[in-house]
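Each chain, letter by letter, is given below.
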Amino acid sequence: MSVAFGKLLDDWFVVRSDGSWEANGSLSQGLEDLLKNRKGRGDLLWVALGVSSDEWCLAARNGRIWWEGVSNEADEALARVLAEDGENELKYIDFGADDTFFLLHVN
């Protein structure tokens, strides 16, 4: 199970152990569009929401990861970790204030 909080107190996203999810508040349009395009599938691992901008990242059980609105530094770090062809596995990213982030991955 994972819980992410966004910019406002009532902005949150919960992913349950079975991959189902529930969200509340104001989500980024890009994240809303992705969820709609995926037809609300309950196959998520986790979602991270930004606290200072519209940044977000979503990981699905099929190994796909999407992100948007992140800083150039975070974008490069995500792309680098995911380009390793299975040698690196992204576990989670957490967004902080002023374009800061914490990236957890396994080599």
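Since we're looking at a predicted model, the values are computed, not measured. (Residues numbered from 1 in each chain as written. Predicted model: local features only at pLDDT ≥ 70, side-chain atom pairs only at ≥ 80, totals over all residues. Heavy atoms only, no water.)

Student: Please clarify how the environment of L27 should be interpreted in this entry.
Tutor: The residue L27 is located in the loop between β3 (21-24) and α1 (29-37) in this model. Take L27: its relative accessible area is 14%, and that puts it in the buried class. (Helix = DSSP H or I, 4+ residues; strand = E, 2+ residues; numbered from the N terminus. Buried < 20%, exposed > 50% of the residue type's maximum accessible area, 1.4 Å probe, protein only.)

Student: Got a minute to help me understand the environment of V106 in this structure?
Tutor: Note that V106 resides in strand β8 (residues 101-106). The spacing of V106 and E89 is 17 residues in sequence and 5.1 Å in space, taken between C-alpha atoms.

Student: Looking at this structure, I do not really get unusual backbone geometry. What am I missing?
Tutor: Excluding glycine, residues mostly carry a negative phi; peptide bonds, for their part, are mostly trans. One non-glycine residue, K39, lies in the positive phi region at around 55°. Of note, K39 is situated in the loop between α1 and β4 (44-49). Note on K39: relative accessible area 73%, which makes it exposed. With a phi close to 65°, D99 is a non-glycine residue in the positive phi region. Along the chain, D99 turns up in the loop between β7 (89-95) and β8. Its relative accessible area of 40% is what places D99 among the partly exposed residues.

Student: Got a minute to help me understand the sheet that holds β3 in this structure?
Tutor: Sheets are built from strands paired through backbone hydrogen bonds, the pairs being either parallel or antiparallel. Read from one edge of the open sheet, 3 strands run β1-β2-β3, paired in antiparallel fashion. Of all the strands in the sheet, the pair left with one neighbour each is β1 (2-5) and β3. Across the sheet, the mean angle from the axis of one strand to that of its neighbour is 10°, orientation sign disregarded. Bridge count between strand β2 (residues 12-15) and β3: 4 bridges; the pairing is antiparallel. If you follow V15 over to β3, its bridge partner there is W21. (Pairing = 2+ DSSP bridges. Axes fitted to C-alpha atoms, helices over the stretch in contact; angles between N-to-C directions.)

Student: Can you help me understand the pattern of salt bridges in this one?
Tutor: Should the charged atoms of two oppositely charged side chains come close, the side chains can pair. This model, assessed by the stated rule, comprises 4 salt bridges. Between E22 and R16 there is a salt bridge, and its shortest N-O distance comes to 2.8 Å. Classification of E22 by relative accessible area gives partly exposed; the value is 38%. R16 sits in the partly exposed class, given a relative accessible area of 31%. (Salt bridge = Lys/Arg side-chain N within 4 Å of Asp/Glu carboxyl O.)

Student: How should the pairing of β7 be read in this particular structure?
Tutor: In the sheet, β7 pairs with β8 via 6 bridges, with the strands oriented antiparallel. Along β8, the bridge assignment pairs F95 with F101. Connecting β7 to the next strand, β8, in antiparallel fashion are 5 residues, including D98 with a positive phi near 55°.

Student: Sorry if this is basic, but what is going on with helix α2 (residues 72-82) here?
Tutor: An α-helix turns once every 3.6 residues. As a result, residues three or four positions apart point the same way. Looking only at α2, the buried set comprises A74, A77, L78 and V81. Down the axis of α2, the buried set is contained in an arc of 95°. They therefore lie on one face. Opposite the packed face of α2, turned more than 90 degrees from it, sit the exposed residues N72, E76 and R80. (Arc of directions from axis to C-beta.)

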